[in-house]
Amino acid sequence: MMAVSIKKHPMPEQDPKVRAHNFNEVALGYDEETAVAEAERCLHCKVPQCRKGCPVGVNIPEFIAKIKKKDFDGAIAKIKESNSLPAICGRVCPQENQCEKYCILGIKGEPVGIGRLERFAADTEMAKDKEIKPIEYAADAQKVAVIGAGPAGLSAAGDLARLGYRVTIFEALHTAGGVLSYGIPEFPLPKDKIVKNEIANLEKLGVKIELDSVVGQLYTIDELMDEEGFDAVFVGTGAGLPHFMHIPGENLNGVYSANEFLTRSNLMKAYKFPEYGTPIRVGKSVAVVGGGNVAMDGARTALRLGAEHVYIVYRRGEEELPARKEEVHHAKEEGVEFKLLNNPVAVIGDDKGWVKAIKCIKMELGEPDESGRRSPKPVEGSEFEIPVDTVIMAIGQGPNPIVARTTPGMETNKRGNIIADDETCATTKAGVFAGGDIVTGAATVILAMGAGKKAAAAIDEYLKKKRAK
Amino acid sequence: MFKIIKKECLSPGVYRYDVEAPRIAKKTQPGQFIILRVDEVGERIPLTVADFDRDKGIITIIFQVVGASTEALAALDEGDSIMDFVGPLGKKSDVRPGIGTVVCIGGGIGVAPVYPIARGMKEAGNKVISIMGARNKDILIMEKEMADASDELLITTDDGSYGIHGFVTNALQTLIDRGEKIDVVYAIGPVVMMRSVVNVTKPLGLKTVVSLNPVMVDGTGMCGGCRVEVGGETKFACVDGPEFDGVLVDFKGLMERQGMYREQENVARDHACKIGLGRVK
């Protein structure tokens, strides 16, 4: 047997100094030679562990085997049996906590670069501009409404269409993609090249997307089912209302939710202002509060928009940062400064209502809390100020209330998340299914896609029974 | 795409568009708003609905040119289309029978959003007294519509060129002084005006509803840009409002937040001039 290299083949990347000032994609992708060489690292275990780490159950060893044999069409076909958005997942999945976490090679060295190979397979296919055959629907095909064109909705829609259902996605914004369009920036996930392309493929398949349609306002779910002729509904409206800390000064000018900051830059293309009409204000120094992927996206966007100092203010330590390690590494390389073990206690404004500083208190780590992370405690009398022009709150989101408050019979929990069955995504209202962040609270793209997939299967079961009646 | 069926210039820089949006017209209620985007590079602009005609499938918007984005909107002609038109957004007004006497106050182009509320209140059988104010006679809008929607209409102009010489608050004071039993006041207009109205009504314990139009991006509760402090709590105007109890609104904070992009607005206007956009036809 060939000796297997202990390390993954490195991902070619834009130089950190250069990329910190542009919005182009950071990771450039494997070329064919590197991809085949990386695929050759796979041991093809008799009992592959990697698959159990994949929320949508991609047949990882088989697609890698096909890359090894340079059968790239075969590789992408294998992936697409389980994952309808591989170019996206290959880029934004936290593989280190999923498939790659279970890879045997990871015990002594680095796991196989499964995500990088998935991306390679998807990009190779995309470059060929393969024709997609529209689905031929039966005359009496049942109709399913999907609410929200984000990861959960797109994945449910793709699966349902392939099962022969006529699917219409209702999207509130003027662009489909949900968090893929408004939340995740261009530099990890290019919009025109990747997101729009994947969505266009779904449309070619026969999925209809109605933009600018806020369900709960324009239609209620009851109206969709009773008047518009939909036989089932999938709710994938995602994480909604941004959380704030409820500290003094949070409504000053210059305080953004990460959602707003990223939406302005990503969806509205404020990074091209004034060519694009939506403004964004960054200033010289920016504090981003939070330690997750969204915080990293916000910090790295602020740098690219011209900020000279960008700080991550996080109340726990480096080990506890919930963001992907790769993203933390990228942020550091680009010059983001980490102010760890600090918790904001107030935003300080000038006499005209503008942010001039963020006041923090130093923290120390105590015993692990229920999440298993060591819980931070403030160090008395350690308050200090960081002078900043902008504060971005990236501390999570709660559920959007619009659909729930107009859908009698569909119950929510205390937090306002829709109650849905773990396995079938069925809500308490007959014919209505829900999945993704609106059920679980803010999580990942791939988990939402996994939920969309489960829901599609359950909706198929439900509609089969309905047909039989 | 949403077609502009009719364009009318109401006063310099103020336009009225009838927009073909049958689905939205079917659902719109007084107090709600829409968000539009003129074209691919456009900002999302929130505008309160000035009128809706369910039979004809039309939403009427009235807007004032205040920056590059509204200039681009004003540059459209009858027959042109608006790229995105989203709605109805926000909660509807509490229009129902049996409220009693409703005073509807509109300042400047704030008359536009107050009109459907006045009409709805009257149709529901309430007594509607409306007050509309403007700087001068020439920029007064929707007088006839407001007269039809009200049992009594008082008009004020800052310079005395028409109606009562003074502000809407003077007219409101007149109603109070003559002993009019008022059950609720709706006040929509510039933030300073709404604050002045509340300054009159608050000491009297009069219920006062204001409609806010803060900086907003998505309008569906996602961005939090439209947050405003109401009774010490942070609320989002798009999903919790746009109407709030005026007595509880932090008007000072609201005014400060509206100045967030003043610098950028100038940059955008310069840009529009340079590339020859925003020439209003």
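Thresholds applied
Residues numbered from 1 in each chain as written. Chains lettered and ligands numbered in written order. Predicted model: local features only at pLDDT ≥ 70, side-chain atom pairs only at ≥ 80, totals over all residues. Heavy atoms only, no water. Pairing = 2+ DSSP bridges. Helix = DSSP H or I, 4+ residues; strand = E, 2+ residues; numbered from the N terminus. Axes fitted to C-alpha atoms, helices over the stretch in contact; angles between N-to-C directions. Contact = heavy atoms within 4.5 Å. Salt bridge = Lys/Arg side-chain N within 4 Å of Asp/Glu carboxyl O. Polar contact = N/O pair within 3.5 Å; in protein donor to acceptor, adjacent residues only side chain to side chain. Nonpolar A, V, L, I, M, F, W, Y, C, P; charged D, E, K, R; others polar. Buried < 20%, exposed > 50% of the residue type's maximum accessible area, 1.4 Å probe, protein only. Expected span 1.5 Å × (residues − 1).

Caption draft 1: Fine view of the sheet that holds strand S7 (residues 285–289) of chain A. Residues and elements named next belong to chain A. With parallel pairing, five strands are arranged side by side in an open sheet as S6-S14-S7-S8-S9. Strand pairing shows two members of the sheet lacking a second neighbour, strand S6 (255–257) and strand S9 (337–340), which therefore form its edges. When strand polarity is set aside, the average angle formed by the axes of neighbouring strands in this sheet is 20°. Relative to S9, strand S8 (residues 309–314) runs parallel, the two being bridged by four bridges. Each bridged residue has a counterpart across the sheet, and for tyrosine 314 the counterpart in S9 is leucine 340. In the packing of helix H13 (residues 258–267) onto the sheet, the strands contacted are S6 and strand S14 (390–393), and the crossing angle to S6 comes to about 85°.

Caption draft 2: Spatial organisation of the interface of chain B and chain A. Taken together, the contacts link 45 residues of chain B with 46 residues of chain A. For the pair chain B and chain A, the interface holds three salt bridges. One salt bridge connects arginine 23 of chain B with glutamate 223 of chain A, and the closest N-O pair in it is separated by 3.9 Å. Put simply, chain B and chain A have 21 residue pairs in polar contact (both at pLDDT 80 or more) between them. Elements with a minimum of two residues in the side of chain B that touches chain A: helix H1 (22–27), strand S7 (84–89), strand S14 (227–230), strand S15 (233–236), helix H8 (251–258) and helix H9 (262–274) of chain B. Among the elements that take part in the side of chain B that touches chain A, S7 of chain B stands out by supplying six residues, more than any other. In terms of residue class, the side of chain B that touches chain A is built from 18 nonpolar, 13 polar and 14 charged.

Caption draft 3: Local environment of the pattern of salt bridges. All names here are of chain A. Scanning the model with the defined rule gives 48 salt bridges over all chains in all. The salt bridge involving aspartate 159 is made with lysine 453; its shortest N-O contact spans 3.0 Å. Highlighted residues: aspartate 159 in helix H9 (residues 151–162) and lysine 453 in helix H18 (residues 445–468), separated in sequence by 294 residues. Each member of the pair, aspartate 159 as well as lysine 453, carries the same accessibility label: buried. In this structure, lysine 196 engages aspartate 192 in a salt bridge whose closest nitrogen and oxygen atoms are separated by 3.0 Å. Residue lysine 196 and its partner aspartate 192 are both found in helix H11 (residues 191–205); the two are separated by four residues, about one turn of the helix. Lysine 196 gets classed as partly exposed once you look at its relative accessible area, which sits at 40%. Counted as one network, the salt bridges with shared partners bring together Glu13, Arg19, Arg300, Arg304, Glu327, Glu333 and Glu334.

Caption draft 4: Just helix H3 (residues 111–123) of chain B, in detail. All names here are of chain B. With 13 residues, H3 ought to run about 18 Å at 1.5 Å a step, and its terminal C-alpha atoms sit 18 Å apart, in line with that. Where burial is concerned, most of H3 is hidden: ten out of the 13 residues are buried. Within H3 the residues assigned to the buried category are Val111, Ala112, Pro113, Val114, Tyr115, Pro116, Ile117, Ala118, Gly120 and Met121. Within two residues after H3, glycine 125 carries a phi angle of roughly 95°, on the positive side.

Caption draft 5: Main features of the environment of alanine 20 of chain A. Residues and elements named next belong to chain A. With respect to the secondary-structure elements, alanine 20 resides in the loop between helix H1 (16–19) and helix H2 (32–39). Residues alanine 20 and glycine 335, spaced 315 residues apart in sequence, show a C-alpha to C-alpha distance of 7.9 Å. Apart from residues no more than four positions distant in its own chain, alanine 20 is found in contact with Leu303, Arg304 and Glu334.

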